[in-house]
Amino acid sequence: MIHISRVDLTERGILLPHDRVGMVIAQPHLTLTQQEPYKTAPVHKPELLSDLTATLAVARDGPHQAEKTHFTIFPEYSIPSLEGVDLVDAALADPQWPVGTIVIGGLDALSKTDFEDLAGRVGSHLDIEHNGLGQIGAGEWINCAIIWTKAADGTVERWLQPKLWPAWDEQNISYQNMYRGKSIFSFKGNLSNSLKYRFSSLICFDWIATIGTKPSWRWALDDLGVQAGEGELALSWMFVIQHNPRPSHPTFMGQVESFFDGTIVQNVRRDRTCLVFANSAGKPVPGRSELYGGTSVLFSPKTLFQEAASRPTVAKGGQRFRGHTLLNAFRDTYFREKGACIHSFVQINPDSVGAGAAHRTFAIDRPFVFPLANSLDPRTPSDLVPACVKWINDELDNITSLSDMQPPGDLCTRADAAHEVSIAKLRALSASSCSRVIRLATVHEGQATGRAAPQDADEWDADERGALDHVVHTLDLFGVCGGVTANDQDAGHATVSVGGKTLDLLAVRGKTHEQCHKYAQAQFTPNARRQAILVTRDRDNLPRRRRSGNILQTSTPKLGDERKITDPESAIIHVDYQGLIAAFNDAATVQEFSQQVGAHVGA
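Here's what I pulled together on the structure shown here.

Rules used in this analysis
- Residues numbered from 1 in each chain as written.
- Predicted model: local features only at pLDDT ≥ 70, side-chain atom pairs only at ≥ 80, totals over all residues.
- Heavy atoms only, no water.
- Helix = DSSP H or I, 4+ residues; strand = E, 2+ residues; numbered from the N terminus.
- Buried < 20%, exposed > 50% of the residue type's maximum accessible area, 1.4 Å probe, protein only.
- Contact = heavy atoms within 4.5 Å.
- Areas by Shrake-Rupley, 256 points an atom, 1.4 Å probe, with all protein chains shown as cover.
- 1 Å grid on protein atoms, 1.4 Å probe; cavity = no way out; pocket = protein on both sides within 12 Å on 5 of 7 lines; lining within 4 Å.
- Points joined across faces, edges and corners; volume = space filled by probe spheres on them.
- Pairing = 2+ DSSP bridges.
- Axes fitted to C-alpha atoms, helices over the stretch in contact; angles between N-to-C directions.
- Parallel < 35°, antiparallel > 145°, perpendicular 65-115°, else oblique.
- Left-handed = near helix turned anticlockwise from the far one by under 90°.
- Nonpolar A, V, L, I, M, F, W, Y, C, P; charged D, E, K, R; others polar.
- Polar contact = N/O pair within 3.5 Å; in protein donor to acceptor, adjacent residues only side chain to side chain.
- Phe/Tyr/Trp six-rings, centres within 6.5 Å; stacked < 30°, edge-to-face > 60°.
- Expected span 1.5 Å × (residues − 1).

Comments concerning the overall build of the protein chain
Then step 1. Secondary structure assignment for the protein chain yields 15 helices and 27 strands.
Then step 2. Residues classed as buried in the protein chain amount to 56% of the 603 residues present.
Then step 3. Here the contacts in the protein chain between residues at least 6 apart in sequence split such that 74% fall between residues at least 24 apart.
Then step 4. Surface summary for the protein chain: the accessible area is close to 24500 Å², and the carbon and sulfur share equals 50%.

Some words on empty space enclosed by the protein
Then step 1. Per the counting criterion, the structure on display carries five cavities of 30 Å³ or more.
Then step 2. Surrounding the largest cavity, 13 residues form its lining, Gln306, Glu307, Arg311, Asp332 and Thr333 being those nearest its centre.
Then step 3. For the lining of the largest cavity, the secondary-structure elements that each account for two or more residues are β19 (314–315) and β20 (331–335).
Then step 4. If you tally residues by element for the lining of the largest cavity, the top one is β20, at three residues.

Some details on unusual backbone geometry
Then step 1. The residue after Glu36, namely Pro37, is reached through a cis peptide bond having omega -5 degrees.
Then step 2. By the secondary structure assignment, Pro37 is in the loop between β2 (20–27) and α1 (45–61).
Then step 3. Positioned with a positive phi, Cys204 is a non-glycine residue whose angle comes to about 45 degrees.
Then step 4. With respect to the helices and strands, the residue Cys204 is situated in the loop between β11 (196–203) and β12 (210–211).

Remarks on the sheet that holds strand β27 (residues 572–576)
Then step 1. Strands sit in the order β23-β24-β25-β26-β27 across an open sheet of five strands; the sheet is mixed. Bordering the open sheet on either side are β23 (484–485) and β27, each of which pairs with just one other strand.
Then step 2. Pairing between strand β26 (residues 532–537) and β27: five bridges, direction parallel. The residue of β27 that forms the bridge with Ala532 is Ile572.

Thoughts on the packing of helix α9 (residues 387–396) against helix α11 (residues 431–441)
Each pair of packed helices can be described by the angle between their axes along with the distance between the axes.
Then step 1. Contact geometry for α9 and α11: axes closest at 8 Å, N-to-C directions at 60 degrees. Between α9 and α11, the angle is such that the two are oblique. Of the two possible hands of crossing, α9 and α11 adopt the one that is left-handed. Contact with α9, carried on its side by Cys388, Val389, Trp391 and Ile392, involves Ala431, Cys434, Ser435 and Ile438 of α11 and no other residues of that element.
Then step 2. Tallied by class, the residues present in the contact of α9 with α11 amount to seven nonpolar, one polar and no charged.

Some remarks on the side chain of Asp108
Then step 1. Residue placement: Asp108 occurs in the loop between β4 (101–107) and β5 (110–111).
Then step 2. Within the structure, Asp108 has its side chain in polar contact with the backbone nitrogen of Ser81 (distance 2.7 Å).
Then step 3. If near-sequence neighbours (up to four positions away) are discounted, Asp108 is found in contact with Tyr38, Lys39, Thr40, Tyr77, Ile79, Pro80, Ser81 and Ile142.

Brief notes about the sheet that holds β20
Then step 1. As summarised here, the arrangement of the eight strands in space is β1-β10-β11-β15-β17-β18-β20-β19, forming an open sheet in which the pairing is mixed. Of all strands in the sheet, those bounded by a partner on one side alone are β1 (3–8) and β19.
Then step 2. Pairing of strand β17 (residues 274–278) with strand β18 (residues 296–299), which is carried by three bridges, proceeds in the antiparallel orientation. Bridging from a neighbouring strand, Val276 pairs with Val297 of β18.
Then step 3. Set on the sheet, helix α7 (residues 250–260) makes contact with β15 (237–241), β17 and β18; between it and β17 the angle comes to about 165 degrees.

Notes on the packing of aromatic side chains
Then step 1. By the definition in use, this model includes 22 aromatic pairs.
Then step 2. When the centroid spacing of 5.4 Å and the interplanar angle of 90 degrees are considered together, the rings of Phe71 and Phe199 count as edge-to-face. With Phe71 in strand β3 (residues 69–79) and Phe199 in strand β11, this pair connects stretches of sequence that are 128 residues apart.
Then step 3. For Phe71, a relative accessible area of 0% corresponds to the buried category.
Then step 4. The class for Phe199 is buried, based on a relative accessible area of 0%.
Then step 5. On the basis of an interplanar angle of 45 degrees and a centroid distance of 5.3 Å, the ring pair of Phe335 and Phe345 is categorised as tilted. In this pair, Phe335 is assigned in strand β20 and Phe345 in strand β21 (residues 341–348), connecting sequence segments ten residues apart.

Points about helix α6 (residues 216–228)
Each α-helix winds once per 3.6 residues, and so residues spaced three or four apart point in a common direction.
Then step 1. Counted at 1.5 Å a residue, the expected span for α6 with its 13 residues is 18 Å, and the 19 Å between its end C-alpha atoms agrees.
Then step 2. Along α6, the residues that are buried comprise Ser216, Trp217, Trp219, Ala220, Leu221, Asp222, Asp223, Leu224, Gly225 and Ala228.
Then step 3. Looking one or two residues past α6, Gly229 carries a phi angle of roughly 60 degrees, positive in sign.

Re the pairing of β20
Then step 1. In terms of burial, β20 is a largely internal element, five of the five residues being buried.
Then step 2. Burial of β20 is two-sided: the residues Arg331, Thr333 and Phe335 facing one way and the residues Asp332 and Tyr334 facing the other way are all buried.
Then step 3. Sheet analysis places β18 next to β20, joined by four bridges and oriented antiparallel. Bridging across to β20, Val297 finds its partner in Thr333.
Then step 4. As paired elements, β19 and β20 share two bridges and run antiparallel to each other. Within the sheet, the bridge partner assigned to Ala315 lies in β20 and is Tyr334.

Notes on the environment of Asn527
Then step 1. Along the polypeptide, Asn527 turns up in the loop between α13 (513–523) and β26.
Then step 2. Distance in space between the C-alpha atoms of Asn527 and Ala491 is 7.5 Å, their sequence separation being 36 residues.

Let's talk about the environment of Asn349
Then step 1. The topology assignment puts Asn349 in the loop between β21 and β22 (364–370).
Then step 2. Expressed as a C-alpha distance, the spacing of Asn349 and Asp19, which sit 330 residues apart in the sequence, is 4.8 Å.
Then step 3. Excluding residues that lie within four positions of it along the chain, Asn349 makes contacts with His18, Asp19, Leu191 and Phe305.
Then step 4. Within the structure, the side chain of Asn349 is placed 3.0 Å from the backbone nitrogen of Asp351, a separation counted as a polar contact.

Read these as layout, nothing more, since geometry by itself doesn't imply function.
And the structure:
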């Protein structure tokens, strides 16, 4: 049986907005010890403390432009022992930290001695009857969440909530047991429109654990149902802090439908509840990861929130991000970034959204992504992250240099250097240019000249991935020869210097060279002052047949030829990628390769 310990924040003056709530969620990368009790390894503790400091600074500054950050969330295990608690305590006690705010965070494993120290501090609250120190074994360790509040008068308090049920790793132990908590805090207070808010939090596996005869969250709902009596109460937020390698696992997400089922505890409304999943990162830097990440905000299908493709920072979930369609009926706001970062946004209260076009809104506003590491990355710009920018930069992480095709030497070294430049230039592109890169490079089947890549970057897949690979390696090859420039002003993918001439460079990948050529004619407008090089790669990377092309064209454009007003194709020199890569493989020196490239382009 799980006891619900009720906390009234009304008397502490913690008034929350009825419409727009500021939230900041940390998404740090954790490196825990391999055996219980699971703690941050000492060598990684300074970094994690730095992550705490960075997150608290973002929360204090409130870049989301809500009146303040009302909720600051740290995932399970992300606050390193009592040192981390001291750091959060100090931040909240600072006069610059706004009053009327709440912080929820998960500590790494505490010994009974440390937990006793924490419980005995001024401002700490513990459900003594159900989680008293006498109930904790001498050898047990505690996985604990803390809910901090800063009252209207500046008083900082902590509520200690041990995890209810261990995950498999916490059960599959060699030495010590994790203490199993027996209590959940249920908080309530006033909204700015005089209605009540209510929220609770759970720690990862507690979300799906069946205790007694029902899941943990059901104990919290049943208690609210008892409070409602013959009337009706509404749950405003349920927070689930996680260190979960598979946050979208069907078993975990399968509870969402039951949680929002209005026939369960009918006098507790959840049609306007905000369900927050806050998870740790899958890698220490921004990028794609198979594990962890998946921070998300979910709402009932009954809300009036709008959805749209390719929104900055967040996706609609679904098969691409969840791996299943269990949540398709729900308003699933899924944060794309799975690496280390800080999420800052405004969460819109569903009750504040009216019907009709004038009231249309998304579930969250201004979803900014801040860095945790001291690095400049387009995926953590302290601002919005367009979907195309996230996708391209994730793909660039995995595109390797062509140097493995060459033995060690000057040509190999130049290829690596050129590759680094190509990647850097593509990472520096604006969102519109990122979208243009993929659109110009990708030929899909479906029309005589092919069709462009989908506008929704969340739909980009193998075709777009292959096209970007082609663009990067084409830039690399010309970069080995020198004189490649790629920026937002380019009409194509870059400008290159060949034989003393400056040309636009366009790299297109499709089923056939002819299809790529026709597609380029439809999508690309040549510069009136210079020629362009079109480098095409067909499905099998075969050489281009020189007789292919427009039968009305009297000659093949050559490097340096005059533009013909009556012949638009005279502006485009068409070469195949197979010839360029063959030249690279055959060359022994940079000079030899440059000569072969010049010959291939001028042929």
